[in-house]
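Secondary and tertiary structure notes
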Amino acid sequence: ENGEIGDIVPLWITSPLGIGQLATAAGYGTLWGGRAGMKDVDNLEKFGFAHGVFVPAPQEVPPSPLSDFQVVGRRGEDGVKRLINLDTGKVEPGARAHRSYSWLPHVLLFNPPQGDGADSGRLVYYPNTEETKEAYNIGTFGPDVDMEVTKDFMEKCTTDDKPFFLYATSRIGHKAFDFLNGEIDTWPPTPKLWWNPNTQRYVKQESVVTGDAGNYKMTGINKGGIRRHVEYLDYTLWQFEEKCKELGILNNTVIIFATDNGTKGYGKAVEKKQRGPHVPLFVYAPGLGMTKKGRSHELASSVDLLPTLADLMGVSDLLDGYEIHGESLYPYLFGDAENHTREYNFSYMTRFAGHFQLIRGSYVMKDGANRWYDVSEEKRDLDDYPRIFDWKAQPQKLQDERDKLKQTLAKFDVYDTEHDYVPADP
């Protein structure tokens, strides 16, 4: 860019037509929210989203001036760099540099609404209004801030009679430093929830935190853990649905739930079987006549979402001539197609030792360690597949699919030759 070549190729250069650009071209209001991992705040507009609520990336912007829930690297008089918890002033051996995105969160707003005395601009730290500044404290929970901003966005678009596209990348479900309990690399606490079976509604207790410098007393807060994070994700989805009901738009709304990789400690950065790339995909559209319901064993990929969204938004023509590997789920989910057209799922992972390809078809799967498995019968835990050692003893259909998948692997084995963007000659 600007005549210079860097070591990181921005996604908006190699993939200039993403979900944000599609939604904008279709006339949707757009917001990107949550823990997006964005490291290029100078070019947010190039991803196609008009608004955002993010965890501020340490590489790009300073931390929030209102939160000392940070672990930062500092060099002592001996020249040794140590990680310091700014809340306590103590060294945290084994910790990583971190800005809290749970309690007393660091929140960066991108093009927030103007007016009513709000701090406005392209990039503004939350809280940015008199009301939110007064309410912000140690008991403020990051995902609740994201939801508050998101609901306001949904309401504004609906009032303006404008459809909206929301890409919510949740803070929940990630391990982090727990500033309330001083624990390293864990799933931080979440507000206590209760599902009322009579009213069919969630009830959230008020979160109150008192104390300072690592010594805190808490009420209305759980002890944390992955189970509580999954519970809060369910609460988040429920809030989206309830807000759509309140706005009278649920029957004209599609809610898609997915994730990017398996949970840390089980699947993230793990090459074993399909633990890394195998993730859930839920599609919920109660008023749009979905023709498929319940659990499906069809293969689908995250790259299928781009053409699927293009079909839903009515702008699939924008993909004409644009190279994609995704296949729209629309004919299967909303049409008469008996099956989705995807024949395999492909993924790859990079490590210091090199890069590894993973692929799965309907009958066989190869993981990142070049181990092949029989996946012709689905397992309840989605993991306990028998490993294949003797191919001659396998049915012909398994051998045939293996050979076909090997051809696909060869086609995509281009990491060393096509990984970096090379500008065309002038």
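Residues numbered from 1 in each chain as written. Predicted model: local features only at pLDDT ≥ 70, side-chain atom pairs only at ≥ 80, totals over all residues. Heavy atoms only, no water.

Regarding the overall build of the chain
- A count of helices and strands for the chain gives nine helices and 21 strands.
- Computed over the C-alpha atoms, the radius of gyration of the chain is 23 Å, within 12% of the 22 Å expected from 2.2 N^0.38 for a compact globule of 426 residues.
- With the C-alpha coordinates aligned to their principal axes, the bounding extent of the chain is approximately 65 × 60 × 60 Å.
- Considering only residue pairs separated by 6 or more positions, the chain has 60% of its internal contacts joining residues 24 or more positions apart. (Helix = DSSP H or I, 4+ residues; strand = E, 2+ residues; numbered from the N terminus. Rg over C-alpha atoms; globule rule 2.2 N^0.38 Å. Contact = heavy atoms within 4.5 Å.)

Observations regarding the sheet that holds strand E19 (residues 354-360)
- Read from one edge of the open sheet, four strands run E18-E19-E20-E21, paired in antiparallel fashion. Only two strands of the sheet have a single partner each, and these edge strands are strand E18 (345-351) and strand E21 (372-374). Within the sheet, the average angular offset between the axes of one strand and its neighbour, ignoring direction, is 15°.
- Strand direction decides the pairing type here: strand E20 (residues 364-366) and E21, joined by three bridges, are antiparallel. (Pairing = 2+ DSSP bridges. Axes fitted to C-alpha atoms, helices over the stretch in contact; angles between N-to-C directions.)

Description of the packing of aromatic side chains
- Scanning the model with the defined rule gives 23 aromatic pairs in all.
- Ring centres 6.0 Å apart and planes at 65° place the aromatic pair Phe69 and Tyr216 in the edge-to-face group. A residue pair is termed long-range when its members are at least 10 positions apart, and Phe69 in the loop between strand E2 (51-54) and strand E3 (70-75) and Tyr216 in strand E15 (residues 215-219) qualify at 147 residues.
- Seen from their ring centres, Phe153 and Phe164 are 6.0 Å apart, and the 70° between their planes marks the pair as edge-to-face. On the criterion of sequence distance, the pair formed by Phe153 in helix H4 (residues 142-159) and Phe164 in strand E9 (residues 164-169) is long-range, its members being eleven residues apart.
- For Phe153, a relative accessible area of 8% translates into the label buried. (Phe/Tyr/Trp six-rings, centres within 6.5 Å; stacked < 30°, edge-to-face > 60°. Buried < 20%, exposed > 50% of the residue type's maximum accessible area, 1.4 Å probe, protein only.)

With respect to the pairing of strand E12 (residues 193-196)
- The pairing of E12 with strand E13 (residues 201-204) spans four bridges and is classified as antiparallel. From the neighbouring strand, Leu193 faces E13, where its bridge partner is Lys204.
- In this antiparallel pair of consecutive strands, E12 and E13, the connection spans four residues, and Gln200 shows a positive phi of 55°.

A word on unusual backbone geometry
- Cis geometry is found at the peptide bond from Tyr126 to Pro127, where omega equals 5°.
- Position of Pro127 among the secondary structure elements: in the loop between strand E8 (123-126) and helix H3 (130-135).
- Unlike most non-glycine residues, Ala269 shows phi in positive territory, near 60°.
- Relative to the helices and strands, Ala269 resides in the loop between strand E16 (255-258) and strand E17 (281-284).
- The residue Leu382 is not glycine, and still its phi comes out positive at about 55°.

Comments concerning the pattern of salt bridges
- Applying the stated criterion across every chain, the model contains 20 salt bridges.
- Note that Arg171 and Asp146 form a salt bridge whose closest N and O atoms lie 2.6 Å from each other. Note that Arg171 is positioned in the loop between E9 and strand E10 (176-178) and Asp146 in helix H4, a separation of 25 residues in sequence. Summarising the burial analysis for this pair, Arg171 and Asp146 share the class buried.
- Between Asp403 and Arg402 there is a salt bridge, with its nearest N and O atoms 3.0 Å apart.
- Judged by its relative accessible area of 14%, Arg402 falls in the buried class. (Salt bridge = Lys/Arg side-chain N within 4 Å of Asp/Glu carboxyl O.)

With respect to a negative patch on the surface
- Taken together, the side chains of Glu130, Glu131, Glu134, Glu148 and Asp152 define an acidic patch exposed on the protein surface.
- Of all the secondary structure elements, the ones that give two or more residues to the negative patch are H3 and H4.
- Take the negative patch: its biggest share by element is three residues, from H3.
- Within the element layout of this structure, Glu148 appears in helix H4.
- Residue classification places Glu148 among the partly exposed positions, given a relative accessible area of 32%. (Patch = residues over 30% accessible without salt bridge, like charges linked within 9 Å, V, L, I, M, F, W, Y side chains within 5 Å. Areas by Shrake-Rupley, 256 points an atom, 1.4 Å probe, with all protein chains shown as cover. Lys, Arg positive; Asp, Glu negative; His and termini not counted. Charge placed at Lys NZ, Arg CZ, Asp CG, Glu CD.)

Note that every value here comes from positions in space, so none of it alone points to a role or purpose.
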